[in-house]
Amino acid sequence: MFVALIAVALVAVVLTPETVERPAERPSYRPQRPRADRREPRTWLAAVLSGFVAFGVFGLFTSVAPGFVAGSLHHPSRALAGLVVFSVFGSAALAQALSGGLSLAVRRRAGLLAVAAGLVLLTLGMHDASLGLFLLGGVTAGAGAGLLFKSAVGAVAGLAAPEERGEALAGLFLVAYLGMSLPAVGIGLAVRSVSAVTAMSWLTVLLVALLGAIGLLGRRRA
């Protein structure tokens, strides 16, 4: 089934029309390194931290969340664990698709609030062993993460000059993938010493603090 879906996606990519005009002469290849924007460092830092938190939410649900469903919530069904993960990523994709008409600032604020609320809800769901509350928190956090990452891509692409856009986005994705790995690894190590509920509570406090920092950094100067 997975191979069939990959094949369908490959056909769709091949049939998608190119939106960039190709130069008459192909430029010579040269390695590019990730770039940090130095002209508006506050805006750039807010964007890359947004990517870190957004991918942190996705990393949480692709790694340890299924274990939470089976352990803390007492639902060992693998199909249910897969449904939880699907719901998170589905809500992120839907939020991105429906937010095209929003400004970057509105999208970022909505993402910050949704991720914070979702993390609190899923942590409360673990405390109460409530699958419904946990799922609601996951869907809310997933939608917020989708909005947050879309706003981060828009901010970084808008800051960079056209010839530097690839390097700027590479820097964003580098930090974002650290967000996908580091929190998940950290919570995986923490549950060896404390309960899963306690570890998730710590992670929620850390990510909400980062969300607050992003909100402060993203405020316009007077």
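Reading the values: rules and limits
- Residues numbered from 1 in each chain as written.
- Predicted model: local features only at pLDDT ≥ 70, side-chain atom pairs only at ≥ 80, totals over all residues.
- Heavy atoms only, no water.
- Helix = DSSP H or I, 4+ residues; strand = E, 2+ residues; numbered from the N terminus.
- Rg over C-alpha atoms; globule rule 2.2 N^0.38 Å.
- Buried < 20%, exposed > 50% of the residue type's maximum accessible area, 1.4 Å probe, protein only.
- Contact = heavy atoms within 4.5 Å.
- Lys, Arg positive; Asp, Glu negative; His and termini not counted.
- Charge placed at Lys NZ, Arg CZ, Asp CG, Glu CD.
- Expected span 1.5 Å × (residues − 1).
- Phe/Tyr/Trp six-rings, centres within 6.5 Å; stacked < 30°, edge-to-face > 60°.

1. As for the overall build of the protein
- Summing up its helical and strand segments, the protein has eight helices and zero strands in all.
- Secondary structure of the protein in N-to-C order comes out as α-α-α-α-α-α-α-α.
- What you see for the protein is a C-alpha radius of gyration of 19 Å, in line with the 17 Å of a compact globule of 222 residues.
- When each of the 222 residues of the protein is scored for burial, the buried share is 38%.
- Of all intrachain contacts in the protein linking residues separated by at least 6 positions in sequence, the fraction that spans at least 24 positions is 79%.
- Distance between charge centroids for the protein: 8 Å, based on 18 positive and 9 negative side chains.

2. Here's the deal with helix H2 (residues 41–63)
- Taking 1.5 Å per residue, 23 residues should reach 33 Å; H2 reaches 32 Å between its end C-alpha atoms and fits that length.
- For H2, the tally of buried residues reaches 17 of 23 residues, placing the bulk of the element in the interior.

3. Observations concerning the packing of aromatic side chains
- As enumerated under the stated definition, the model contains eight aromatic pairs in all.
- Summarising the aromatic geometry, the rings of Phe55 and Phe149 are spaced 4.8 Å apart at their centres and angled 40 degrees between planes, so their arrangement reads as tilted. Of this pair, Phe55 sits in helix H2 while Phe149 sits in helix H6 (residues 131–159), and the two are 94 residues apart along the sequence.
- A residue is classified by how much of its surface remains accessible, and Phe149, at 11% relative accessible area, is buried.
- The structure contains a cluster of three or more aromatic residues connected by ring pairs, namely Phe55, Phe58, Phe89, Phe149, Phe173 and Tyr177.

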